[in-house]
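Working through the structure, step by step
The lines below spell out each chain.
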Amino acid sequence: MESSKNILIIGDMPGYGKMGLAGMLPILSNMGHSVYNLPTALVSNNFDYGRFSVLDTTAYMKQTVQVWKELGFQFDCMTTGFLASADQVDLLRDLIDSQRKEGFLVVTDPIMGDGGKLYNGSTQETVDNMRRFIRGSDVIVPNLTEAEFLSGQSLGEEFLTDEEARRVLDGLLACGPKSAVITSGREKERGRYVVWGFDGKTGEYFTVPYRFIKAHFPGTGDIFTSLFTGELLKGRSLPQAVKRAVDLLEQLIFMEQDVVERNNGIRIEKYLSVLTE
C-alpha cells in the first residue's frame, strides 16, 4: 500500500452540503492520508439554494499559518480551491514557499466561474490574482471557463478544436504552472466531452474522453480534485490520474442521478467503498 501523506486542503468549508472542503476531506482520508484543512471562507450552504451566509476567514488564516510555522508543521501536498482575496493569495504563496521540499505537490483548482462567465463576486482582479497564484502550482485543474479567463484564449467558447485547446493550455502554462488539466471540455471536431491536459513531466499534450451524464451536482469539481490528487500521490502519471478520477466521478454521478435533492451535492460517504475498489 502507498505511504500515507500529510495533505493540507485549502478552500471554502460549507456547514451544509458536500462540496468544498467537506467534499474533499472524506475522499482523501479514505485513501489513507492524514488530511488537514485551512478554510478560506465558512459558508452556510451551497449558493444554489438562493439564500446563504458567508464568513471571510482571512484573519483566522493569518493567525493559523503563523502558529503552524512556529510549531513546525509540515505537509507533503497542498490543494487549493476558492480564494477570497489578494491577501489570501499572498499568504498562501508564502506558505507554499515555506513548505517546498523534494516531492512536495501543489494542486490548484482556480475556482472563479463556469458556464462561460465569472461567478458573482469574481472580477478581473480575481483573475489577475489567480494568475499570480498559479505560478507556484505543480498542476492546475480549471474548468473550461476558468481556463479561458486565465489564458485569455477562446473566451466564451463552449466547443474547442484540438488547436484551440492547445492554445488555451499554452496560455495556462505561460502563467507558470508545470502541468495543466482542463476538466470540462467539448471537442468541436467530434463533439466528445473530454478533459484536455499537458503533462509537464513528459512534455506531452493528452485528451481523456468521458461520458456526460445530464445531472448537475455542486461539488463535482472538488471530488475530481480529491480523486485526481490521490491518484497522483499513488505515483500514477498525469493522464492515468485524470482517467481514474474521471471514471470514478462518472460512477458517482450515475449512482446519484435519480436523487431529487441535488443542491446538497453527492453523498460521498455512502460511496466510499466504491472509491477504493
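This one's a predicted model, so the numbers in the text were calculated from it and none came from an experiment. (Residues numbered from 1 in each chain as written. Predicted model: local features only at pLDDT ≥ 70, side-chain atom pairs only at ≥ 80, totals over all residues. Heavy atoms only, no water.)

Section: the pairing of strand β5 (residues 105–108)
Definition in use: When a residue's accessible area, from a 1.4 Å probe over protein chains only, is under 20% of the maximum for its type it is buried; when over 50% it is exposed; and in between it is partly exposed. Labels follow the DSSP assignment, with helices taken as runs of H or I lasting at least four residues and strands as runs of E lasting at least two, numbered in each case from the N terminus. One requirement defines pairing of two strands: DSSP has to find at least two bridges between them. Classification remark: right-handed applies to a crossover when, strands pointing away from the viewer, the course from the first strand over the helix to the second runs clockwise.
Across the two faces of β5 the burial is the same, with L105 and V107 and V106 and T108 all buried. Relative to β5, strand β4 (residues 77–80) is paired through 4 bridges, and the arrangement is parallel. Bridge pairing in β5 links T80 to T108. After leaving β4, the chain enters helix α3 (residues 86–99) and then returns to the sheet as β5, a path that is right-handed. Here 2 bridges tie β5 to strand β8 (residues 139–140), and the two strands are oriented parallel to one another. Across the sheet, the residue bridging to T108 is I140, located in β8.

Section: the layout of surface pockets
We count it as follows: A pocket, in this scheme, is an open set of points on a 1 Å grid over the protein atoms alone with protein on both sides within 12 Å along at least 5 of 7 lines, while a cavity is a set where a 1.4 Å probe fits but cannot get out; residues line either one if an atom lies within 4 Å of a point. Grid points are joined across faces, edges and corners, and a volume is the space filled by probe spheres set on the points. Each residue receives one of three labels: charged for Asp, Glu, Lys and Arg, nonpolar for Ala, Val, Leu, Ile, Met, Phe, Trp, Tyr, Cys and Pro, and polar for the others, Gly being one of them.
Space inside the second largest pocket adds up to approximately 500 Å³. Considering the residues around the second largest pocket, the lining is formed by 21 residues, among which G103, F104, L105, K201 and L232 are closest to the centre. Tallied by class, residues from the lining of the second largest pocket come to 6 nonpolar, 5 polar and 10 charged.

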